[in-house]
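# Structural description and commentary
Spelled out, the chains give:
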Amino acid sequence: MKILAFAGSNSTVSINKKLVTFASTFFSENEVEILDLNDYEMPIYKREIELEAGIPQSAKDFAAKIDASDLILLSTPENNGNFPAVFKNLMDWMSRIKGRKIFGEKSMFLMATSDGARGGASVLEIAQKRFPFDGAQVLEVFSLPKFRESFEEGKGIIDEEKKAEFEEKVAVVKTHFA
Ligand SMILES: Cc1cc2nc3c(=O)[nH]c(=O)nc-3n(C[C@H](O)[C@H](O)[C@H](O)COP(=O)(O)O)c2cc1C
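Residues numbered from 1 in each chain as written. Predicted model: local features only at pLDDT ≥ 70, side-chain atom pairs only at ≥ 80, totals over all residues. Heavy atoms only, no water.

## What to know about the side chain of Thr-76
Let me state the cut-off plainly: In this text, helices come from DSSP runs of H or I with a minimum length of four residues, and strands from runs of E with a minimum of two, each type numbered from the N-terminal end. Here, residues are in contact when the closest pair of their heavy atoms is within 4.5 Å.
By the secondary structure assignment, Thr-76 is in the loop between β3 (71-75) and α4 (85-95). Not counting residues within four places of it along the chain, the set of residues in contact with Thr-76 comprises Gly-8, Asn-16, Phe-83, Pro-84, Phe-87, Met-111, Ala-112, Thr-113 and Val-123.

## Describing the nonpolar core
Heads up, the condition is: Nonpolar core, defined: a set of buried Ala, Val, Leu, Ile, Met, Phe, Trp, Tyr and Cys residues in which side-chain atoms within 4.5 Å join the residues together. For every residue, the accessible area obtained with a 1.4 Å probe (protein chains only) is divided by the maximum for its type, and the residue is called buried under 20%, exposed over 50%, and partly exposed between those limits.
With 31 residues, the main nonpolar core has Phe-6, Phe-62, Phe-87, Phe-103 and Phe-131 as its most contacted residues. For this core, the secondary structure elements donating two or more residues are β1 (2-7), α3 (57-67), β3, α4, β4 (106-113), α5 (121-130) and β5 (136-144). When residues in this core are grouped by element, the largest group, five residues, is from α4. Beyond its immediate chain neighbours, meaning those up to four positions away, Phe-103 contacts Phe-6, Ile-66, Ile-72, Phe-87, Met-91, Met-108, Phe-131, Asp-134, Gly-135 and Ala-136. Leu-19, Val-20, Met-111 and Phe-166 belong to the second-largest nonpolar core, a separate cluster that totals 20 residues.

## Re α3
What counts, and what does not: Starting at the helix axis, one direction is taken to each C-beta atom, and the arc is that of these directions.
Turning to α3, its buried residues number three or more, namely Ser-58, Ala-59, Phe-62, Ala-63 and Ile-66. Within α3, the buried residues cover an arc of 140° as seen down the axis, which keeps them to one side. The inward-facing, buried residues of α3 abut β1, β2 (31-35), β3, α4 and β4.

## Digging into the sheet that holds β3
The criterion, for reference: A pair of strands is considered paired only if DSSP assigns at least 2 bridges between the two. The convention used is that axes are lines fitted to C-alpha atoms, helices contributing only their stretch in contact, and that angles between N-to-C directions extend from 0 to 180 degrees.
With parallel pairing, the five strands of this open sheet are ordered in space as β2-β1-β3-β4-β5. A strand with exactly one partner marks an edge of an open sheet, and here the two such strands are β2 and β5. Neighbour-to-neighbour, the strand axes of this sheet turn through a mean angle of 15°, independent of strand direction. With five bridges joining them, β3 and β4 adopt parallel strand pairing. Counterpart to Ser-75 in the pairing with β4 is Met-111.

## So, the environment of Ile-72
Among the structural elements, Ile-72 can be located in strand β3. Residue Ile-72 is classed as buried on the basis of its relative accessible area of 0%. Note: C-alpha distance between Ile-72 and Ile-34 (38 residues apart in sequence) is 10 Å. Residues within four places of Ile-72 in sequence aside, it is in contact with Leu-4, Phe-6, Ile-66, Phe-103, Lys-106, Ser-107, Met-108 and Phe-109.

## Let's talk about the site of the ligand
To keep things clear, this is the line we draw: Near is defined per residue: the residue qualifies when any heavy atom it owns lies within 4 Å of the molecule or strand. As used in this structure description, the phrase polar contact means that two N or O atoms lie within 3.5 Å; if the pair is within protein, one of them must be able to donate a hydrogen and the other to accept it, and residues adjacent in sequence are counted only when both atoms belong to side chains. Working definition of accessibility: Shrake-Rupley area with a 1.4 Å probe, residue cover restricted to the visible protein chains.
What surrounds the ligand is the set Ser-9, Ser-11, Ser-14, Ile-15, Asn-16, Pro-77, Glu-78, Asn-79, Asn-80, Gly-81 and Ser-114. Here Gly-81 contributes a backbone N or O atom positioned 2.9 Å from an oxygen atom of the ligand. Ser-114 is positioned with one of its side-chain polar atoms (N or O) 3.3 Å from an oxygen atom of the ligand. Contact with the protein chains removes 59% of the 620 Å² of surface that the ligand exposes when unbound.

## Side note on the pattern of salt bridges
Note the cut-off: Any carboxyl oxygen of Asp or Glu that lies within 4 Å of a side-chain nitrogen of Lys or Arg is treated as forming a salt bridge with it.
Across all of its chains, the model carries 15 salt bridges by this definition. Among the ionic pairs, Lys-88 bridges to Asp-92, the shortest N-O distance being 3.1 Å. Note that Lys-88 and Asp-92 are positioned in helix α4 at a spacing of four residues, about one turn of the helix. Residue classification places Lys-88 among the partly exposed positions, given a relative accessible area of 37%. We classify Asp-92 as partly exposed; its relative accessible area is 27%. Taken together, the shared-partner salt bridges in this structure form one network comprising Lys-162, Glu-165 and Lys-169.

Have a look at this one:
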């Protein structure tokens, strides 16, 4: 099984990338690839760019990575209750690839973390409702609030309750591929 992991962030110190990288260690018996949105830069979607230059190669390359995977591990930040612009832009461009649903009918373990107490609850609600229409089968959803207190580099999730919840969800995701 091929695992594709990425955060919906372009921060070079992204806490969501830290969470998704931690999540990927639970799938280390598989081939795991971790992508960084900074390696897939593209202009903000604009009709004229699409008409004149077509869909950016980076959007096509990212879509190809999704197509080559069996399971997507995604952790997204929440910006003003919604997706960060960089991630929404990537999704918008990928959706313009002919005949494509953004997530290519792949299974997904959907996560979010933030330093706040809600742990990206709003963006998770939006993603959970919307992603099935975008070709993602969301197997499980996990939120990690108060990242700074709940997560430690090298150790991962240190909040015992959250760690147990996370491990249960990983187990459920794995049953889909047993
Ligand atoms: C423009 C902007 C809006 C934000 N809005 C929210 C929000 O609605 N909810 C939230 O929990 N955090 C919000 N934050 C804080 C982000 O969750 C925080 O920056 C987080 O570290 C981003 O994740 P990352 O490190 O993976 O990029 C916002 C940050 C920015 C810059």
